[in-house]
Amino acid sequence: MGSIRTKAGGLLLALVLPLVACAPGGSAQPAGSGLAVTPGAGAVRVVTTTTVFADIVRAVGGSRADVRSIIPAGTGPEDYEPKPDDAKSLADAQLIVSNGVGLDDFLDRLLSSGTGGTTPRLILGEGIPPITIDGEPNPHFWLDPTIVKSAYLPKIVTALSAIAPADAASFQANAAAYGAQLDALDAELKAKVETIPAANRKLVTFHDAFPYFARHFGFDLVGVVVANVGQEPNAAELAALVEQVRGAGVKAVFSEAQFNAKLAHTLAEEAGVKRVVSTLYNDALGAAPADSYPGMMRWNVDQIVEALR
């Protein structure tokens, strides 16, 4: 898949600006969501690591869950530095939700300090068969909506019901309704992807986050510019990727909004690719219409379809 996992170095370091743009706002802010639900009295207090998981948990919890994300919208977990308020949020939580599989390891450091150490913890990615790249499991399961429906939602229902058994039926009904929405979303997105000529369904992404997306929606993942955030390719590695991209006849290079797109533009220019799309989201929600999980998925597919069709 053309992944690059070497440490930073070489002549290209001067080209690479800081990759993670820090979003404004403090820790443990509510995620942006299309769900206008106000938590009721006695709602289960849930803290998630990212806004994506907060939005999904909120869909299941409805008014019976008060859900907050440690990492604010627009910021990914790779280089997140915990803040003092995070400890307080975790200490107040009745349930802590993370993805695991190496995505949000900062949470382990927080919990090892004793903060929230006895609070029930739900690790969404645990037990899901991963795609392994260069010997490492990829954690970005949620970019395949069928995994969210089949694996994440049942785990969330079970975890919330264990804390608030009187609301178990409500959680189950919410999950069933949300699962139906995800089915409709999946059908919609697949129909959009079908409008891309088969020969053009090739992805080159900045961040190594799209293997489940590519597998589910039928894309060839040609290459990744930065396999691990903070580990940029050197000049020789970028040159090899340029040849790979040029040989594949790729029509666009894609990057996420929270990263600096300078290196993506460099790759595109060297490979003769005319289009760079730097407005995708995966580890974090963004501004509307990408301020909910379904909105983020729809936004990404719309950007990809427009660039490759």
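On a predicted model such as this, the values are computed, not experimentally measured, just so you know.

Draft legend 1. Quick peek at unusual backbone geometry. Each neighbour pair has its own omega, and for Ala288 with Pro289 the value is 10°, a cis peptide bond. Within the secondary structure, Pro289 sits in the loop between strand S10 (275-280) and helix H9 (293-308). A positive phi is found at Val101, a non-glycine position, where the angle reads about 55°. Within the fold, Val101 resides in the loop between strand S3 (95-98) and helix H3 (106-112).

Draft legend 2. Structural detail: helix H8 (residues 262-271). Those residues of H8 lying buried are Leu263, Ala264, Thr266, Leu267, Ala268 and Ala271. On its buried side, H8 packs onto strand S7 (202-207), strand S8 (220-226), helix H7 (235-248), strand S9 (252-256) and S10. The first or second residue beyond H8 is Gly272, which carries a positive phi of 75°.

Draft legend 3. Region of interest: the pattern of salt bridges. Per the counting criterion, the structure on display carries eleven salt bridges. Arg298 is the partner of Glu188 in a salt bridge, and the nearest nitrogen-oxygen pair spans 2.8 Å. Of this pair, Glu188 sits in helix H5 (residues 168-193) while Arg298 sits in helix H9, and the two are 110 residues apart along the sequence. By relative accessible area, which is 30% here, Arg298 ends up partly exposed. Here Arg275 and Glu306 are joined by a salt bridge, their closest N and O atoms 3.5 Å apart. You can see Arg275 sitting in strand S10 and its partner Glu306 sitting in helix H9, a full 31 residues away along the chain.

Criteria and thresholds
- Residues numbered from 1 in each chain as written.
- Predicted model: local features only at pLDDT ≥ 70, side-chain atom pairs only at ≥ 80, totals over all residues.
- Heavy atoms only, no water.
- Helix = DSSP H or I, 4+ residues; strand = E, 2+ residues; numbered from the N terminus.
- Buried < 20%, exposed > 50% of the residue type's maximum accessible area, 1.4 Å probe, protein only.
- Contact = heavy atoms within 4.5 Å.
- Salt bridge = Lys/Arg side-chain N within 4 Å of Asp/Glu carboxyl O.

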